[in-house]
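# Descriptive analysis of the structure
What follows is the residue order along each chain.
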Amino acid sequence: MSTSVAAFAVPATSRSASEDPLREAMENLARVLPARTDAAVLVDLLGDDLREGLDALGDVECHFADVLDAMRMERPSPIALISLGDDQLVLERLEVLVGVVSQVRRRLSQAAGMMRQLPLPLGDS
């Protein structure tokens, strides 16, 4: 099930920690990683990557909402449609997303590797 980007777009100052899925996810990951400096740095970098990706995704989502709004007008203007179709910002944000997805993938692999180095809790096989 996917969560709308808007759920992550609410300013952190206006929601509690339990309403901040990104913060909650980062805190949970930090709890299961070894208590080492490199793990803390990894969590911080992953959090930054996710924020950047969600921000870029939000820009892309807004672009498509603008396209839909323009097309729903009773009589869309040709210049508005051309302008929306020539939005360089959305292409740049998609490039950011490609880079961020690659970074997130790499960092998740690093986190998984760190987790495998931890001893299993008693009772787990």
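Residues numbered from 1 in each chain as written. Predicted model: local features only at pLDDT ≥ 70, side-chain atom pairs only at ≥ 80, totals over all residues. Heavy atoms only, no water.

### Some words on the overall build of the chain
Using the following cut-off: Counting from the N terminus, the helices are the DSSP runs of H or I reaching at least four residues and the strands are the DSSP runs of E reaching at least two. Exposure is judged per residue with a 1.4 Å probe applied to protein chains only, and the accessible area is read against the type maximum: over 50% gives exposed, under 20% gives buried, and values in between give partly exposed. Whether two residues are in contact is decided by their heavy atoms, any of which lying within 4.5 Å being enough. To be clear on the numbers: accessible area is Shrake-Rupley with a 1.4 Å probe, and residue cover counts the displayed protein chains and nothing else.
Along its length, the chain carries 5 helices and 0 strands. N-terminal to C-terminal, the α/β element order of the chain is α-α-α-α-α. With 125 residues in all, the chain has 24% of them scored as buried. Long-range contacts, defined here as pairs at least 24 residues apart, represent 69% of the contacts in the chain between residues at least 6 apart. Carbon and sulfur atoms provide 60% of the accessible area of the chain, an area that totals close to 9,100 Å².

### Some points on the packing of helix α2 (residues 21-32) against helix α3 (residues 37-72)
For the record, the criterion: In this analysis an axis means a line fitted to C-alpha atoms, helices contributing only their contacting stretch, and an angle means the value between N-to-C directions, from 0 to 180 degrees. An angle below 35 degrees is read as roughly parallel, one above 145 as roughly antiparallel, one from 65 to 115 as roughly perpendicular, and any other as oblique. Note on convention: near helix rotated counterclockwise from far helix by under a right angle means a left-handed crossing. Clockwise means right-handed. In this classification, Asp, Glu, Lys and Arg are treated as charged, Ala, Val, Leu, Ile, Met, Phe, Trp, Tyr, Cys and Pro as nonpolar, and every other residue, Gly included, as polar.
Running from N to C, α2 and α3 point in directions that differ by 155°, and their axes come no closer than 10 Å. In this view, α2 runs roughly antiparallel relative to α3, as classed from their interaxial angle. The hand of the α2/α3 crossing is right-handed. Taken together, the residues of α3 that come into contact with α2 (itself represented by Leu22, Met26, Leu29 and Ala30) are Val43, Leu46, Gly47, Leu50 and Arg51. When grouped by side-chain class, the residues that make up the contact of α2 with α3 number 7 nonpolar, 1 polar and 1 charged.

### Examining the environment of Val90
Tracing the sequence through the fold places Val90 in helix α5 (residues 88-116). By relative accessible area, Val90 is classed as buried at 9%. C-alpha of Val90 to C-alpha of Asp59: the two residues are 31 residues apart in sequence and 6.9 Å apart in space. Those residues in contact with Val90 that sit more than four places away from it in its chain are Val60 and His63.

### Topic: the environment of Asp49
Applicable threshold: Two N or O atoms count as a polar contact when they lie within 3.5 Å, although within protein this holds only if one can serve as hydrogen donor and the other as acceptor, and sequence-adjacent residues are included solely when both atoms are side-chain atoms.
Following the sequence through the fold, Asp49 ends up in helix α3. Apart from the residues within four sequence positions on either side, Asp49 is in contact with Val100, Gln103, Val104 and Arg107. A polar contact of 2.4 Å, which involves the side chain of Asp49, links it to the side chain of Arg107.

What is shown is where atoms sit, not what they do.
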